[in-house]
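# Examining the three-dimensional arrangement
Here is how the chains run, residue by residue.
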Amino acid sequence: MDKLELLPAQLDKCSEYIKSSIEYTDHEILLTKVQNTDIFDNLTCFPEKKDDTSDTTKDETRVTCVGIFESLLCDLNVCTDLLNKIKNVTVPNPIALLVERPFQPKLVKLPIDIDISESKQRQFCSNWYREYPYLEYSIFNDSAYCYICGLFPSGPNRAFADPVWSTTGIRHWHKMKSHGTKKPGKLEQHFTSNAHKSALSVYSNFVLHSNHIDNLLNKKHRENAIHFSKQKEYHKAVIRILFDVSSTLARQGLAFRGDGDEKNGNFYQIVLLISRHNSTMKTWLNDPSFRRYHSTYLSHDSQKEFIHLLGIETKNNIIEEVKEACMYSIMADTSPDLSHKDKLSVCLRYVNSKAEVCERLIAIDEIVDKAGKGLASKISDVLSQNSLDLNNIAFLSS
């Protein structure tokens, strides 16, 4: 039998050696192991001087095939080494994103899962790439992955993410697509989840800003990244000023805005006063180019958000002081509000690290049961929500 006719079987045998040696990261070691199997000896056939042109063509084909196959082995091992490095770091290396697209092979024939009924989808479908552009397919594992979640598997809003999309892969082919609006498939569930959206947001920032390899090599991109960084610091300075204004008004117990006219309110007027003496705030108010989304953060919604954030920070500081004091007493009382609903106010009394007696309000909640048991249960819930130890209570007054 001609050696060229043995090529498919010999390539299959060589493929088995590659799979069994996947732990090697040095392509020279792997290539040496494969070459030692005598497969290359059988395949390699240098051209001999013959009169028959057809034989010469066969010889040249054999040599070309071996060269391409050897180059392929090297490329596969370099890729394996790179992928291992990516998986072992929290933040992907910018070089890993030189190819900014998922691995989406389009094969003529795909493996069939015999465990799935013949009447259902039994294999991966390359048409899914169009609807879900960040979908990846592994030929070796016959599994689907998420390109974005594979690069950024951990972070905010990803505590409840399904790890199979970035680790082992998913291959429930009959459950991948949706069956009506009430039965979303695996693909729809993942690519519309908060975990994937959060990872996509991190990926977008990574690509657009200075960490990306293009920004390191392209002068124009690098200048844009520097400009973006300066604008980011500028916006932070503006937000700090607005927080200081909100903190001052809250400390003095002054109203933020008037009745129906926000521009005559204390918050807006103090910001205008600061802008007369502060170039940062003046530029912010007068130059719209610094406000990409036309936001001034002077509206009543922004003011409410400032108050809410300041309230959370103040409350956290109080809780930390109480924990440092170890022991504390409680003062609780109920009173109806304007809507005739009973409200329970809970105050804590403790001695801080400066030996000063402090009284702080930590909660005002609606209460339905004002009897002894209901009142005690509500107070206990308030303390538990603020992570305060009930065993450290020294006195209770209500």
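Residues numbered from 1 in each chain as written. Predicted model: local features only at pLDDT ≥ 70, side-chain atom pairs only at ≥ 80, totals over all residues. Heavy atoms only, no water.

The subject of this paragraph is a nonpolar patch on the surface. A grouping of F103, L107 and I139 is seen on the molecular surface, where their side chains present a nonpolar patch of about 270 Å² in accessible area. On the secondary structure map, L107 appears in the loop between α4 (53-87) and α5 (128-131). (Patch = residues over 30% accessible without salt bridge, like charges linked within 9 Å, V, L, I, M, F, W, Y side chains within 5 Å. Areas by Shrake-Rupley, 256 points an atom, 1.4 Å probe, with all protein chains shown as cover. Salt bridge = Lys/Arg side-chain N within 4 Å of Asp/Glu carboxyl O. Helix = DSSP H or I, 4+ residues; strand = E, 2+ residues; numbered from the N terminus.)

On to the packing of aromatic side chains. Aromatic ring pairs are reported here in terms of the distance separating the ring centres and the angle at which the planes meet. Across all of its chains, the model carries 15 aromatic pairs by this definition. Arranged with centres 5.3 Å apart and planes meeting at 80°, the rings of F124 and W128 form a pair that is edge-to-face. Relative to Y297, the ring of W284 has its centre 5.9 Å away and its plane inclined at 10°; by these criteria the two rings are stacked. One end of the pair, W284, is in helix α12 (residues 279-286); the other, Y297, is in the loop between α12 and α13 (300-325), with 13 residues separating them in the sequence. W284 gets classed as buried once you look at its relative accessible area, which sits at 3%. With relative accessibility at 36%, the residue Y297 sits in the partly exposed group. Members of the aromatic cluster, each reached through a chain of ring pairs, are F124, W128, Y129, Y137 and W173. (Phe/Tyr/Trp six-rings, centres within 6.5 Å; stacked < 30°, edge-to-face > 60°. Buried < 20%, exposed > 50% of the residue type's maximum accessible area, 1.4 Å probe, protein only.)

This part covers the pairing of strand β5 (residues 357-366). Pairing of strand β4 (residues 342-351) with β5 involves 9 bridges; the strand directions are antiparallel. The residue bridging L344 from the neighbouring strand is D365, located in β5. The antiparallel hairpin formed by β4 and β5 contains 5 residues in its connecting segment, where A355 sits at a positive phi of about 65°. (Pairing = 2+ DSSP bridges.)

On their own, these measurements won't tell you what the molecule is for.
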